[in-house]
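Spelled out from the first residue to the last, the chains are:
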Amino acid sequence: MEQKLNKQSIDAMLSPSEFGSGTLYDVIINNGLAAFQSATMFDYACRKSVETYIHYDDGVHSNNIMQMYKMIMGKSLYGWFHLCAIRIYGRRTPGYFFEHPEKLWQKVALCLEFPESADEPSKRVSRERAAGAVVDLLRFYIRAFEDPQYVSLKPKAETFSKYYIENHVQSRLQLPPDLGNKIMDLALYAAGKKKQSELPQELTPATYFAERTRQDIARQEEASRKGQIYTASTEKHIIKGNGELIYVIGAMDSDARRIEQIAKNNGYNINIVSDYAKLTNNDINALRYNPKYAGIIVGPMPHSVKGMGEHSSGITCMEQESGFPPVVRATASTGKAKLTKTSFTAALAELSHIIWETQQSDRVFG
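Owing to the predicted nature of the structure, the values given are computational and were not obtained by experimental measurement.

1. Points about unusual backbone geometry
In this model, H168 sits at a positive phi of 50°, which is unusual for a non-glycine residue. If you trace the backbone, H168 turns up in the loop between α9 (156-166) and α10 (169-173). Residue H168 is classed as exposed on the basis of its relative accessible area, which comes to 54%. One non-glycine residue, Y289, lies in positive phi territory at about 50°. A residue is classified by how much of its surface remains accessible, and Y289, at 2% relative accessible area, is buried.

Here it is, written out as structure tokens:
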């Protein structure tokens, strides 16, 4: 590159709308330190890029940058590297920290020991942020316990918890006292000694709140059929938003204005694409790495849409490919895709908790 990148030019390239020549990812991977004005700028570019990819749940590209950074920086790894490593590697190899709990606490200690980054040499990663990265990992484990492929993790939760206590990790690293309680909650839940409803909100999976909402909706429908009144609000499980924009896509079986009102009442804005011609011709790739949207709610869609590539459908493409905002399906009680006032309420309940969780995770990076 003719002109080496400074902070201003790095910031201008941060949004990874697409991959290819000239993107910040491409520059870091192909040019390394040589593309930047200084090692400080290289550190800044890697940190901001990794944080961006983590936000979009893209473990592949964030990991590639981490490896390039490690290769160039050697042992001079700043605190942000270890903080990000907890999130990335905890998901890519879920059993690793459970089988080697000492490795997790080594990472936390390194977060606390080294300056956050080269451009902020005097700023230390706070204990609250290090603990936040661990809580983010605990949330992941709670969700993983419900997945059959991770069932072998459950018995290891008690050993993980015991290591934390027996090695006085909390006092030694001066971590927030409530972190130990959350680790105990994790072990008790894994052992079947604690219900999801008894977990603190920070650890409760979004699917739990979606299920509670579906139960309320089913009770309302049953009461209506019997001519009775069920007074519980199906919206009570929705975490109020702060104007976040949600993309709603799919043929609708309800008045769009009623759905817009539900979203507005709960602090969200929505963009609706329901016309069949627009559903077919709308390129879903426009939603990838798009900071405009906090999430996507999907109803009935044509089998084939633009941008789905080799995936069986547009929905599976958005669910399986990295870079898309979190996707929640709107379904009837039968499980069939349906976009009504009822199914939208249930989907918004689930999505609101995913958005909340994403925001909590992003706070780890300040």
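2. Things to note about the packing of aromatic side chains
All told, the structure shown has 17 aromatic pairs when counted by the stated rule. Relative to Y289, the ring of Y53 has its centre 6.0 Å away and its plane inclined at 90°; by these criteria the two rings are edge-to-face. Taken together, the residues span a long stretch of sequence, with Y53 in helix α3 (residues 39-55) and Y289 in the loop between α14 (276-281) and β5 (295-298) at a distance of 236 residues. For the ring pair W105 and Y164, a centre distance of 5.0 Å and an interplane angle of 55° mean the geometry is tilted. Separated by 59 residues along the polypeptide, W105 in helix α7 (residues 101-113) and Y164 in helix α9 bring together distant segments of the chain. Residues W105 and Y164 agree in their burial class; the two are buried. Within the aromatic cluster, the residues linked to one another by ring pairs are F98, F140, Y141, F145, Y150, F160 and Y189.

3. Some words on the packing of helix α2 (residues 24-31) against α3
The relative placement of two packed helices comes down to the angle between their axes together with the axis-to-axis distance. Look at α2 against α3: their axes get within 10 Å of each other, and the N-to-C directions meet at 130°. Taken together, the axis directions place α2 and α3 in an arrangement best described as oblique. Viewed along their axes, α2 and α3 form a crossing whose handedness is left-handed. On α3, the residues that touch L24, Y25 and I28 of α2 are F42, A45, C46, S49 and Y53. Of the residues in the contact of α2 with α3, the class split is seven nonpolar, one polar and no charged.

4. A look at the pattern of salt bridges
Scanning the model with the defined rule gives 17 salt bridges in all. E222 is the salt-bridge partner of K226, the closest N and O atoms lying 3.4 Å from each other. Relative accessible area serves as the criterion here: at 31%, E222 is assigned to the partly exposed category. A single network of salt bridges, built from pairs that share partners, joins R87, R91, D136, R139, R143 and E357.

5. Describing the environment of D119
Considering the arrangement of structural elements, one finds D119 in the loop between β1 (115-117) and β2 (120-124). Put simply, D119 and H100 are 19 residues apart on the chain and 32 Å apart in space, counted from C-alpha to C-alpha. When neighbours within four sequence positions are excluded, D119 is seen to be in contact with K7, T40, D43, Y44 and R47.

6. Quick look at the sheet that holds strand β4 (residues 268-273)
Ordered by their spatial adjacency, four strands build an open sheet running β4-β3-β5-β6, and the pairing between neighbours is parallel. Of all the strands in the sheet, just β4 and β6 (327-329) have a single pairing partner and so form its edges. Within the sheet, the average angular offset between the axes of one strand and its neighbour, ignoring direction, is 25°. Relative to β4, strand β3 (residues 244-249) runs parallel, the two sharing six bridges. Bridging from a neighbouring strand, Y247 pairs with N271 of β4.

7. Side note on the environment of M252
Residue placement: M252 occurs in the loop between β3 and α13 (256-265). The spacing of M252 and M301 is 49 residues in sequence and 9.9 Å in space, taken between C-alpha atoms. Once residues within four sequence positions are removed from consideration, M252 is found in contact with I259, I272, S274 and L339.

8. Structural notes on the pairing of β5
Alternating residues of β5 divide into G295 and I297 and I296 and V298, and every residue in both groups is buried. Note: β3 against β5, four bridges, orientation parallel. Of the residues in β5, the one forming a bridge with I249 is V298. With helix α15 (residues 314-320) bridging β5 and the parallel β6, this β-α-β connection has right-handed handedness.

9. Looking at the packing of helix α8 (residues 127-144) against helix α16 (residues 341-363)
Across the interface, α8 lies against α16 with an axial gap of 8 Å and an inter-helix angle of 145°. Handedness of the crossing formed by α8 with α16: left-handed. On the side of α8, the interface is formed by R129, D136, R139 and R143, while α16 contributes E357, Q360, S361 and R363. Tallied by class, residues from the contact of α8 with α16 come to no nonpolar, two polar and six charged.

Basis of the calculations
- Residues numbered from 1 in each chain as written.
- Predicted model: local features only at pLDDT ≥ 70, side-chain atom pairs only at ≥ 80, totals over all residues.
- Heavy atoms only, no water.
- Helix = DSSP H or I, 4+ residues; strand = E, 2+ residues; numbered from the N terminus.
- Buried < 20%, exposed > 50% of the residue type's maximum accessible area, 1.4 Å probe, protein only.
- Phe/Tyr/Trp six-rings, centres within 6.5 Å; stacked < 30°, edge-to-face > 60°.
- Axes fitted to C-alpha atoms, helices over the stretch in contact; angles between N-to-C directions.
- Parallel < 35°, antiparallel > 145°, perpendicular 65-115°, else oblique.
- Left-handed = near helix turned anticlockwise from the far one by under 90°.
- Contact = heavy atoms within 4.5 Å.
- Nonpolar A, V, L, I, M, F, W, Y, C, P; charged D, E, K, R; others polar.
- Salt bridge = Lys/Arg side-chain N within 4 Å of Asp/Glu carboxyl O.
- Pairing = 2+ DSSP bridges.
- Right-handed = clockwise from strand over helix to strand, strands pointing away.

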